[in-house]
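These are the residues of each chain, in order.
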Amino acid sequence: QAFSLFVKAKEVPAAGRGAGGGGGARWWCCRQAFEELAGIHRHVALQHGGDIGQQAGLEAEVSPSSGPAPAGKADGLNGHSCSSPEISCTLPDTSHLSYEDLTSKVGEVLLYYCYCEVKDPEKLCAWQKALCQHLHLTGKVRVASEGINGTVGGSKVATSLYIEVMLSQPLFKDILGKEDFKSSEGGAHCFPDLRVGVFKEIVPMGIDPKIVSYKETGIHLSPQEFHREVEQYLSQASKGQSDTILLDCRNFYESKIGHFQGCLAPDIRKFSYFPSYVDENLELFKDKRVLMYCTGGIRCERGSAYLRSKAVCREVYQLKGGIHKYLEEFPDGFYRGKLFVFDDRYAICSNEDIISACRYCGTLWDQYKLCSSQHCRQLVLTCPSCRNKGLTACCPVCQEKELKVTSRASGQTVKEECECTRRRPRVPIEHVSQRTLDAGK
């Protein structure tokens, strides 16, 4: 039954068959069209065994045409009851939509999160996967007992429906609002696939949520309030009078291409290093007012809670909605450069500033590419001129390694190493009091 229902969810609406590049496709899955039942059955059996297993775990039925649960019945797929009454498993009715409506490449990418208590993460995960597949969305969704964190891309019709369904989910009632969804131009093509899973944390800080909870977060500031705070901080810093630290909670490769003026941007590779960074630099934060920010706000939720747990700061504030929301209201404000995003676009922009440079020649450049070495997944800033010269790796070690790999017989490997990571301390010790003031100037 779970298998047939999964196949049913992949069926192309009758209005969309034979139009807009869909051919005579009756089913659409993993960006592939299937005209014969045997073809879609073979594909699902080979590629989606795990998904079928998860859906089989749902006690309610997954149907793409199901509407809201009938009055008097518990929320669930097709009105059937779910084991967790707080999770509605309904999927939206798309029978009135064409295939092109749901698969148009002119779309957007949504970024959101919601901290809440989830009693059955597996059920929420299975529903999320079914919902995204139903709407032809790609991206990444993390589910945990502490909530949900997602970034998904699709047509504007699909993303609008997704928001509508998420806001009607009883689990998120009175917690998640339409303003909590950050959007940018894009679509399903911005991600290679759809990945939905259950994790211990919805943002990987590496600290048990039971030890440091999102409930102990800092004080949220609206973009307008944060803008005023940064303005005051820069004014005081220029006079050498600031008692505030403007802290970027992101990774070094994010802050390299865009950041707030006068900020302290830790030279860390992963957010899971952030707690160690705080521990090693506690003296820096002693008796300070800290203004924190990140991409969409979620890292500040746990990061500010961790910083507050150390009881050294005078006050801890965070930018609600992150840089995303700030740039919507202040595209030419105190944030300069690009905003790094975790999809195939790598960055989105609100102003024309370029604050980073080519790794090889030093010319202004801020468009990332993956290191060309097969054994390295780091990002590199290398301008078109240098790329044309073959300088496509993140460092000389990887550049030489790539030449060796391409000249060797297939099957031979080179030990993974990288000059970039070897030279960078895992957790830097800051000596920034004067540097911060200079940056403020």
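Rules of the game
- Residues numbered from 1 in each chain as written.
- Predicted model: local features only at pLDDT ≥ 70, side-chain atom pairs only at ≥ 80, totals over all residues.
- Heavy atoms only, no water.
- Helix = DSSP H or I, 4+ residues; strand = E, 2+ residues; numbered from the N terminus.
- Expected span 1.5 Å × (residues − 1).
- Buried < 20%, exposed > 50% of the residue type's maximum accessible area, 1.4 Å probe, protein only.
- Contact = heavy atoms within 4.5 Å.
- pLDDT = per-residue confidence, 0-100.
- Pairing = 2+ DSSP bridges.
- Axes fitted to C-alpha atoms, helices over the stretch in contact; angles between N-to-C directions.
- Phe/Tyr/Trp six-rings, centres within 6.5 Å; stacked < 30°, edge-to-face > 60°.
- Lys NZ or Arg CZ within 6 Å of the ring centre and 35° of its normal.

- In the annotation of an unreviewed UniProt entry, the entry for the protein chain reads Thiosulfate sulfurtransferase/rhodanese-like domain-containing protein 2, and the organism field reads Alca torda.

**Looking at helix α6 (residues 156–168)**
Part 1 of the reasoning: Here α6 spans 18 Å end to end across 13 residues, near enough to the 18 Å set by a 1.5 Å rise per residue.
Part 2 of the reasoning: For α6, the set of buried residues is Ala158, Thr159, Leu161, Tyr162, Ile163, Val165 and Met166.
Part 3 of the reasoning: The secondary structure elements touched by the buried residues of α6 are α4 (99–103), β3 (107–115), α5 (121–134), β4 (138–144) and β5 (147–155).

**Focus on the confidence of the model for the protein chain**
Part 1 of the reasoning: Mean pLDDT for the protein chain: 84, with 82% of residues reaching 70 or above.
Part 2 of the reasoning: Between the elements of the protein chain, mean pLDDT differs from a low of 46, seen in helix α16 (residues 433–440), to a high of 98, seen in strand β11 (residues 289–293).
Part 3 of the reasoning: Below pLDDT 50 for its whole length, residues 59–85 participates in 64 contacts with residues either more than four positions away or in separate chains.
Part 4 of the reasoning: Within the model, pLDDT remains below 50 along residues 409–414, and this stretch shows 6 contacts once partners closer than five positions in the same chain are excluded.

**Observations regarding the sheet that holds strand β10 (residues 258–260)**
Part 1 of the reasoning: Here 3 strands make up an open sheet; going across it, the order is β10-β13-β14 and the pairing antiparallel. With one partner strand each, in any of the chains shown, β10 and β14 (347–349) form the two edges of the open sheet. With direction set aside, neighbouring strand axes in the sheet form an average angle of 40 degrees.
Part 2 of the reasoning: Both β10 and strand β13 (residues 335–340) contribute to a ladder of 3 bridges, which runs antiparallel. Among the inter-strand pairings, His259 is bridged to a residue of β13, identified as Arg336.

**Section: the packing of aromatic side chains**
Part 1 of the reasoning: Summed over the entire model, instances satisfying the criterion amount to 17 aromatic pairs.
Part 2 of the reasoning: Ring geometry for Phe226 and Tyr293: centres 6.4 Å apart, planes at 75 degrees, overall edge-to-face. Taken as a pair, Phe226 in helix α7 (residues 223–238) and Tyr293 in strand β11 lie far apart in primary sequence, 67 residues in all.
Part 3 of the reasoning: For Tyr293, a relative accessible area of 0% translates into the label buried.
Part 4 of the reasoning: Each ring, one from Phe340 and one from Tyr368, has its centre 6.0 Å from the other, and the planes form 80 degrees; the classification is edge-to-face. With Phe340 in strand β13 and Tyr368 in strand β15 (residues 368–370), this residue pair connects regions lying 28 residues apart in the sequence.
Part 5 of the reasoning: On the accessibility criterion, Phe340 (3% relative accessible area) is buried.
Part 6 of the reasoning: Among the residues examined, Tyr368 registers a relative accessible area of 6% and is labelled buried.
Part 7 of the reasoning: Here the aromatic cluster, defined as three or more aromatic residues joined through ring pairs, consists of Phe226, Phe260, Tyr293, Tyr326, Phe330 and Tyr335.
Part 8 of the reasoning: The side chain of Arg142 reaches across the aromatic face of Phe199, ending 3.9 Å from its centre.

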